[in-house]
Amino acid sequence: MKTTNQYYNDNAQSFFTTTVNVDVQKLYDRFLPRVDNHGKILDAGCGSGRDSKNFISLGYKVVAFDASESLVAMASEYIGQQVIQATFSTFKSAPADFDAIWACASLLHVAKRDLKKTFLHLSDHLKTNGIFYCSFKYGNTEQVRNGRFFVDMNEQNLKDTLLSTQLEIEETWISSDARPGREAEQWLNAILVKKD
Ligand SMILES: C[S@@+](CC[C@H](N)C(=O)[O-])C[C@H]1O[C@@H](n2cnc3c(N)ncnc32)[C@H](O)[C@@H]1O
């Protein structure tokens, strides 16, 4: 069976084309007011670089990474700065280097048994009181769909996953998929805050 990373490498051009212009302003509206002006944002699993490009244009400092070599090349060109090729578990920077982490529709590819340690590893890079946005398809299963592994999450799963971490759920909400024709797909969105 092909891995999720192979899927993104094999389908990088079509994935880039279909996601780079998706309008996620409603998500920015929940996230950006909580991030200091000119703060530093980590775009974890940045895909096309759509969100990094927007954050940079607004004056934020951005570090972006993605596991897919092909998407890293495309996103680097698109955002005009080098995107790092790394996975959620191999990404490294100075501790507490970021004001915010943006993980839009990306942690949904991490197996449930690995999610807690992935949140812990990423949040090591977040300042105290820093903000962590993440989103998952709404549900309660793990499965491979069309060549990609997905963990679907609901409010309770997320709460259980974050038990005994410094990440506190500030807000969750459900949204419809922003891609035309896919409005019936529901997403769980969450804003987390790193506590002392
Ligand atoms: C559904 S796409 C979302 C991309 C982008 N954040 C967006 O909202 O359009 C998931 C992204 O996560 C990346 N990804 C999947 N597993 C990853 C991992 N273990 N570490 C880092 N990135 C990963 C994929 O390469 C892909 O770019």
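Residues numbered from 1 in each chain as written. Predicted model: local features only at pLDDT ≥ 70, side-chain atom pairs only at ≥ 80, totals over all residues. Heavy atoms only, no water.

Overview of the site of the ligand
- The immediate surroundings of the ligand are formed by 18 residues, with Gly-45, Arg-50, Asp-66, Phe-88 and Cys-104 found nearest.
- Here a nitrogen atom of the ligand and a backbone polar atom of Gly-45 are 2.8 Å apart.
- In this structure, a nitrogen atom belonging to the ligand sits 3.3 Å away from a main-chain N or O atom of Ala-67.
- Its residues assigned to classes, the shell around the ligand shows 10 nonpolar, six polar and two charged. (Near = heavy atom within 4 Å. Polar contact = N/O pair within 3.5 Å; in protein donor to acceptor, adjacent residues only side chain to side chain. Nonpolar A, V, L, I, M, F, W, Y, C, P; charged D, E, K, R; others polar.)

Quick look at the environment of Gln-156
- Locating Gln-156 in the fold gives a position in helix α7 (residues 155-161).
- Residues Gln-156 and Asp-99 lie 57 residues apart in sequence; the distance between their C-alpha atoms is 26 Å. (Helix = DSSP H or I, 4+ residues; strand = E, 2+ residues; numbered from the N terminus.)

Some details on the sheet that holds strand β2 (residues 61-66)
- Pairing is mixed across the open sheet formed by seven strands, whose spatial order is β3-β2-β1-β4-β5-β9-β8. Looking at the sheet topology across the chains shown, the edges are occupied by β3 (84-85) and β8 (167-176).
- Where β8 and strand β9 (residues 186-194) come together, nine bridges link them in antiparallel fashion. Note that in β9 the partner of Ser-175 across the bridge is Trp-187.
- This element, helix α6 (residues 112-123), spans β2, β4 (98-103), β5 (126-137), β8 and β9 of the sheet and lies at about 140 degrees to β5. (Pairing = 2+ DSSP bridges. Contact = heavy atoms within 4.5 Å. Axes fitted to C-alpha atoms, helices over the stretch in contact; angles between N-to-C directions.)

Let's talk about the pattern of salt bridges
- This model, assessed by the stated rule, comprises 10 salt bridges.
- Each of Arg-30, Arg-34, Glu-170 and Glu-171 takes part in one network of salt bridges that share partners. (Salt bridge = Lys/Arg side-chain N within 4 Å of Asp/Glu carboxyl O.)

Focus: the pairing of strand β7 (residues 148-151)
- As paired strands, strand β6 (residues 142-145) and β7 are joined by four bridges and run antiparallel to one another. Across the sheet, Gln-143 pairs through a bridge with Phe-150, a residue of β7.

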